[in-house]
Amino acid sequence: MMANIISKFQNMESEGNFLDPWNESYEEDIKSINEYFCQRQVFVYGTLMSGEANHRYLENAAFLGKAAIGGYDMYSVGWYPAVVSGDGLIIGEVYRVPLQDMPSIDMLEGEGSLYIKKCVSIKYGEGNTTFAFLYVYLRDCSDLKRIPSWKDDHVWYVSYGSNMLDERFLCYIKGGSYGESSYRRPCSDTTPPLAVRTLKIPYGMYFGHSSGSWEGCGVSFLDTTKNGKALGVAYLITKRQFDHVAAQENGGTPPHESWGWYTDIIDLGTLEGIGVKTLTNRDLRPYNEPCEEYLDTLRMGIRKNWPEMSDEEIEDYLDSCIR
């Protein structure tokens, strides 16, 4: 029955006939239905990705954007990856594939024996959402090595200062300035973060140094000499984007122990299977209280990412960071 309906709608479009018996036009609806049934969204994460060996299978497909899906782990089978249900995050690309190309992709993936297609909800690009097919591995992975991603080209960048507010952080990726702060040069890759998470950093945050962008007052640093607990926002970006952000935080040069605003890259372990890094100074900066505008930016970032925190709790946290 469904095949007959699809065939009827396709014939109506080819004939340019979109009227019902009462002469009401359904042109937009019919075209949308025909478009839907003539293609499939597919999330790829291995050899079908751009630049990989089997990307030719997508030569007729439209690239929709990069994406990340939670609730899965990736393992290396050798020259291709396996994805199974888990607690990690899978990084890949979303494509709109012509329906006639799906059988060849199913055959490549060994659909039904080696992998099985699963329909999942995916966010990609600038907040777009779609349903797409994900190929899930059917065999045992207990003897395989878990990997963060097929290309291993992403990292979580953690901010604990003004970049907790995403509007300000995106200036480091897309270029521009937030409020009265300095202009930030855009990254060569302006793709927004694929995911955002909150976490607790195991070091205390303090305000120090003297920033020309913030009235000569102090800004956020981490005290890595002792245990503590700082609020952090993690952005999933490429390693190249991370290098760009790190350089922008140091006046255009990469972090270096002999100079720079933030001289050290701190490894914070992994989050959902992917490495986590932040920037600070291992040597403590001179303490310096922040200006009210800087504190307001932190307040907005905290409210946005920790909506469960009351205004009083936010003030208590910020007060605890002033030495």
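This is a predicted model, so every value here is computed, not measured. (Residues numbered from 1 in each chain as written. Predicted model: local features only at pLDDT ≥ 70, side-chain atom pairs only at ≥ 80, totals over all residues. Heavy atoms only, no water.)

**Student:** Could you clarify how one ought to interpret the pattern of salt bridges in this entry?
**Tutor:** It is possible for side chains of opposite charge to pair when their charged atoms get near one another. Counted by the stated rule, this structure contains 14 salt bridges. A salt bridge links lysine 66 to aspartate 189; the shortest N-O distance between them is 3.5 Å. You can see lysine 66 sitting in strand S2 (residues 62-76) and its partner aspartate 189 sitting in the loop between helix H4 (166-174) and strand S8 (196-211), a full 123 residues away along the chain. A salt bridge links glutamate 315 to arginine 299, with the shortest nitrogen-to-oxygen separation between them at 2.5 Å. Within this pair, whereas glutamate 315 is found in helix H7 (residues 311-320), its partner arginine 299 is found in helix H6 (residues 292-305), the two being separated by 16 residues in sequence. We classify arginine 299 as buried; its relative accessible area is 10%. What emerges from the salt-bridge pattern is a single network uniting Glu292, Asp296, Arg299 and Glu315. (Salt bridge = Lys/Arg side-chain N within 4 Å of Asp/Glu carboxyl O. Helix = DSSP H or I, 4+ residues; strand = E, 2+ residues; numbered from the N terminus. Buried < 20%, exposed > 50% of the residue type's maximum accessible area, 1.4 Å probe, protein only.)

**Student:** In this structure, what is going on with the packing of H6 against H7? I would like to understand it.
**Tutor:** Axis separation between H6 and H7 bottoms out at 11 Å; the angle between their running directions is 130°. By the angle class used here, H6 and H7 are oblique. As H6 packs across H7, the resulting crossing turns out to be right-handed. Between H6, through Leu295, Leu298, Arg299, Ile302 and Arg303, and H7, the contact on the second element is made entirely by Asp311, Ile314, Glu315, Tyr317 and Leu318. Split by residue class, the contact of H6 with H7 holds 6 nonpolar, no polar and 4 charged. (Axes fitted to C-alpha atoms, helices over the stretch in contact; angles between N-to-C directions. Parallel < 35°, antiparallel > 145°, perpendicular 65-115°, else oblique. Left-handed = near helix turned anticlockwise from the far one by under 90°. Contact = heavy atoms within 4.5 Å. Nonpolar A, V, L, I, M, F, W, Y, C, P; charged D, E, K, R; others polar.)

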